[in-house]
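Each chain, letter by letter, is given below.
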Amino acid sequence: MRKFNVAVVGATGAVGEELFRVMEAYDFPVANIVPLASANSAGSKIEYIGKEYTVLELTTTAFEENEVDIAFFSAGGSISEKFAKYAVEAGAVVIDNTSHFRMDPNVPLVVPEVNPEDITLWKETGIIANPNCSTIQMVLSLKPLDELYGIKRVDVSTYQAVSGAGKAGMEELVKQMQAFFAFNLDDAKKEAFAHQIALNVIPQIDVAQDNGFTKEEMKMVNETQKILKKNIQVAATCVRVPVLRSHSESITVTFDQDVEVDVKEVRSCLESFENIEVIDDLENNAYPMPIIATDTDITYVGRIRKDIYSPNVVHYFNVADQVRVGAATNSVRIALKWIEMENDI
């Protein structure tokens, strides 16, 4: 198999570091690693499969100089906006983990288990967009249900871990908890989040929009419709919770009016879908939780139940490691599927 020169933009960030771990776990066909970051991080070291690599400064010429074939971007939307075109011009396929290109009609937005066929559209711009982490784990469970019954509407409340705000978010939770046990929580810094996150939940992620939803919530609406290629009604409430890692979602799905939900059918179709695992035994206290999902590449589903009042409605709980499933792993799976498709041409 051909091997590839792989650049990781944002190599020293939380997702960048996870990308290296996931590539190693998936035995990614690497010829050379090109870790790229800001001038402040240039010169530091990263390790990949026992070999040390020096982090290089991200410049407009870095991709051409290092003959990059695949470029993972995970350093923020402004960086992708500025530098992705130089990677494309150098002949690389860009897999972008930011929100910058997601709703560009010429850029495919891909979850490989859900819409792998869209990867072939990468040649339009040279870019494939990675969806929002909360969207990824939700559409993974929606896809088989839509195929089973036909989804009309989705109502979702998220319980999003502080690592969704990067290393700074995790550090702030830990420091606030330390301050709590030292009896000086009132003096703890609040920088990553607008409010104290320790022992609290914050029902706002990202900035407010004119319609009363937040930017994060509207990402879930728009991205779900684009990925599933269907005008599904989606209403989201996104909440930050004091959990270090792995996002949870409480999801209510409304199917077409003539559908009579069969919970056994729902469970079976979810169990048979790629990279989903059902944990659903309420009597024995078995259901998805962040501590189960963390450091895995599986989306876990449980608490599956038919609505009490409407026969065409089902409720369930959904958990996945958003640093992996919602970012690094999905990016690597996109790249592997891209390689597979290119080899088939």
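Residues numbered from 1 in each chain as written. Predicted model: local features only at pLDDT ≥ 70, side-chain atom pairs only at ≥ 80, totals over all residues. Heavy atoms only, no water.

**Section: the packing of aromatic side chains**
Across all of its chains, the model carries nine aromatic pairs by this definition. Between Phe 83 and Tyr 86, the aromatic rings sit 6.4 Å apart at their centres with planes inclined by 55 degrees, giving tilted as the arrangement. Of this pair, Phe 83 and Tyr 86 both sit in helix H3 (residues 77–89), three residues apart, which is roughly one turn of that helix. For the pair Trp 122 and Trp 338, a centre-to-centre distance of 5.5 Å together with 85 degrees between the ring planes defines the contact as edge-to-face. (Phe/Tyr/Trp six-rings, centres within 6.5 Å; stacked < 30°, edge-to-face > 60°. Helix = DSSP H or I, 4+ residues; strand = E, 2+ residues; numbered from the N terminus.)

**So, the layout of surface pockets**
As a volume, the largest pocket reaches approximately 910 Å³. If you go around the largest pocket, you meet 36 residues; those closest to its centre are Gly 164, Ala 165, Gly 166, Glu 216 and Lys 219. At the level of secondary structure, the elements contributing two or more residues to the lining of the largest pocket comprise helix H1 (14–25), helix H6 (215–228) and helix H9 (324–344). Grouping the constituent residues of the lining of the largest pocket by class yields 13 nonpolar, 17 polar and six charged. (1 Å grid on protein atoms, 1.4 Å probe; cavity = no way out; pocket = protein on both sides within 12 Å on 5 of 7 lines; lining within 4 Å. Points joined across faces, edges and corners; volume = space filled by probe spheres on them. Nonpolar A, V, L, I, M, F, W, Y, C, P; charged D, E, K, R; others polar.)

**Considering the pairing of strand S1 (residues 4–9)**
Burial of S1 is extensive: six of the six residues sit out of reach of the surface. Burial along S1 is two-sided: the face carrying Phe 4, Val 6 and Val 8 and the face carrying Asn 5, Ala 7 and Val 9 are both buried. Here six bridges tie S1 to strand S2 (residues 30–37), and the two strands are oriented parallel to one another. What sits directly across from Val 6, in S2, is Ile 33. On the question of chirality, the crossover connecting S1 to the parallel S2 by way of H1 is right-handed. Here S1 runs beside strand S6 (residues 70–73); their pairing, made up of four bridges, is parallel. (Buried < 20%, exposed > 50% of the residue type's maximum accessible area, 1.4 Å probe, protein only. Pairing = 2+ DSSP bridges. Right-handed = clockwise from strand over helix to strand, strands pointing away.)

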